[in-house]
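# Commentary on secondary and tertiary structure
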Amino acid sequence: MADTHLPSQRHANMAAIHGKDTKPEMVVRQWLWRNGFRYRLNYPRLPGKPDIVMRKYRTCIFVNGCFWHGHHVAMPEVVDSECCKIPKTNRDFWVAKIRRNQERDTRVQHELAAMGWHCITIWECELKPKVRKKTLESLAYTLNRIFLLDRFFKRYEMPEEVPLLAAEDTPEYCRCDKEGKDQMTNETRGGTASVLFPLADGVE
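Since we're looking at a predicted model, the values are computed, not measured. (Residues numbered from 1 in each chain as written. Predicted model: local features only at pLDDT ≥ 70, side-chain atom pairs only at ≥ 80, totals over all residues. Heavy atoms only, no water.)

## Some thoughts on the overall build of the protein chain
A count of helices and strands for the protein chain gives 4 helices and 7 strands. Written out in order from the N terminus, the α and β elements of the protein chain read α-α-β-β-β-α-β-α-β-β-β. In the protein chain, which comprises 204 residues, the share counted as buried stands at 28%. Counting contacts in the protein chain only where the partners sit at least 6 residues apart, residues at least 24 apart contribute 49% of the total. Total accessible area computed for the protein chain in this model is approximately 15500 Å², and 53% of it derives from carbon and sulfur atoms. (Helix = DSSP H or I, 4+ residues; strand = E, 2+ residues; numbered from the N terminus. Buried < 20%, exposed > 50% of the residue type's maximum accessible area, 1.4 Å probe, protein only. Contact = heavy atoms within 4.5 Å. Areas by Shrake-Rupley, 256 points an atom, 1.4 Å probe, with all protein chains shown as cover.)

So this is what it looks like as structure tokens:
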């Protein structure tokens, strides 16, 4: 489908789109706040300045526009998806821009993961009224699961292999009989009411 706008109109429309405080981002932020989740915005000390940073959950949330980040658009074979229609006018420019955004997204999330942060991406199409509730409930479930796993469950680590030891000599025991006399023995006798215990060092 051909673009119905003049180049100057299209340029003005694209330039008016902001990277911060977008409508999808505001939907997520308002829902998180109403449900008791606290966060910081565009934290500059983290790679990529994530849209929403939740230190308690060690999680960064990215609210991505489907067009600008190429949702379901595979690279390098560029095929329009249901939620990302690349304009036919100046198509090479938009393809290159979307490709750069995708590469940056991947690099930033790898850097955050190396620093111990969890990354969650929420797409614009996942916040449409019909599926918004399901998306946000899934977000809350994921955050709570991350919190529990990070705080209350420790990973089990396999101990290092220890070489097997040769069997030791059978220890000698001292048997106290009913008369209180100590006797040496290396075996138990059936039917005797005796208590066996290891000899202490220096006891003869």
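That covers the picture; the talk isn't over yet.
## What to know about the state of the cysteines
Taken as a whole, this structure holds 0 disulfides when the rule is applied. The cysteine C60 is free of any disulfide, with C119 supplying the nearest cysteine sulfur at 5.4 Å. By relative accessible area, C60 is classed as buried at 0%. Counting only cysteine sulfurs, C66 is the nearest neighbor of C125, a cysteine outside any disulfide, at a range of 3.7 Å. (Disulfide = S-S within 2.5 Å.)

## Comments concerning helix 4 (residues 129–152)
Its 24 residues place the ends of helix 4 35 Å apart at the C-alpha level, agreeing with the 34 Å of an ideal helix rising 1.5 Å per residue. Turning to helix 4, the residues buried within the fold contact helix 2 (23–34), strand 2 (52–54), strand 3 (59–64) and strand 4 (118–123). (Expected span 1.5 Å × (residues − 1).)

## Things to note about the environment of G48
Tracing the backbone shows G48 in the loop between strand 1 (40–41) and strand 2. Overall, the relative accessible area of 49% leaves G48 in the partly exposed class. A sequence separation of 60 residues divides G48 from V108, and the C-alpha atoms of the two residues are 5.8 Å apart.

## A few points about the packing of helix 2 against helix 4
In the contact formed by helix 2 and helix 4, the axes pass within 11 Å of each other and the chain directions differ by 55°. By the angle between their directions, the pair helix 2 and helix 4 is classed as oblique. Of the two possible hands of crossing, helix 2 and helix 4 adopt the one that is right-handed. Where helix 2 approaches helix 4, its residues V27, V28, W31 and L32 are matched on the opposing element by R132, L136, E137, L139, A140 and L143. Residue composition of the contact of helix 2 with helix 4, grouped by class: 8 nonpolar, no polar and 2 charged. (Axes fitted to C-alpha atoms, helices over the stretch in contact; angles between N-to-C directions. Parallel < 35°, antiparallel > 145°, perpendicular 65-115°, else oblique. Left-handed = near helix turned anticlockwise from the far one by under 90°. Nonpolar A, V, L, I, M, F, W, Y, C, P; charged D, E, K, R; others polar.)

## Quick look at the pairing of strand 3
Of all 6 residues making up strand 3, 6 are buried, and the element is well covered by its neighbours. In this structure, strand 2 lies alongside strand 3, joined through 3 bridges in antiparallel fashion. Bridged to V53 within strand 3 is C60. Hairpin connection, strand 2 to strand 3: the antiparallel pair is bridged by 4 residues, and R58 has positive phi, about 45°. Taken together, the 6 bridges between strand 3 and strand 4 define a ladder with parallel strand orientation. Counterpart to C60 in the pairing with strand 4 is C119. (Pairing = 2+ DSSP bridges.)

## Observations regarding the confidence of the model for the protein chain
Mean pLDDT over the protein chain: 76, with 63% of residues reaching 70 or higher. Confidence drops under pLDDT 50 across residues 180–199; counting only partners more than four residues distant or on other chains, this segment forms 37 contacts. (pLDDT = per-residue confidence, 0-100.)

## Thoughts on the pattern of salt bridges
Applying the stated criterion across every chain yields a total of 2 salt bridges. Note that D21 and R29 form a salt bridge whose closest N and O atoms lie 2.7 Å from each other. Exposure remark for R29: the relative accessible area of 11% places this residue in the buried category. Two residues, E25 and R29, come together in a salt bridge whose shortest N-O distance is 3.2 Å. Taken as a pair, E25 and R29 lie in helix 2 at a separation of 4 residues, close to a single helical turn. As far as burial versus exposure is concerned, E25 and R29 are alike and both buried. Residues participating in the shared-partner salt-bridge network are D21, E25 and R29. (Salt bridge = Lys/Arg side-chain N within 4 Å of Asp/Glu carboxyl O.)

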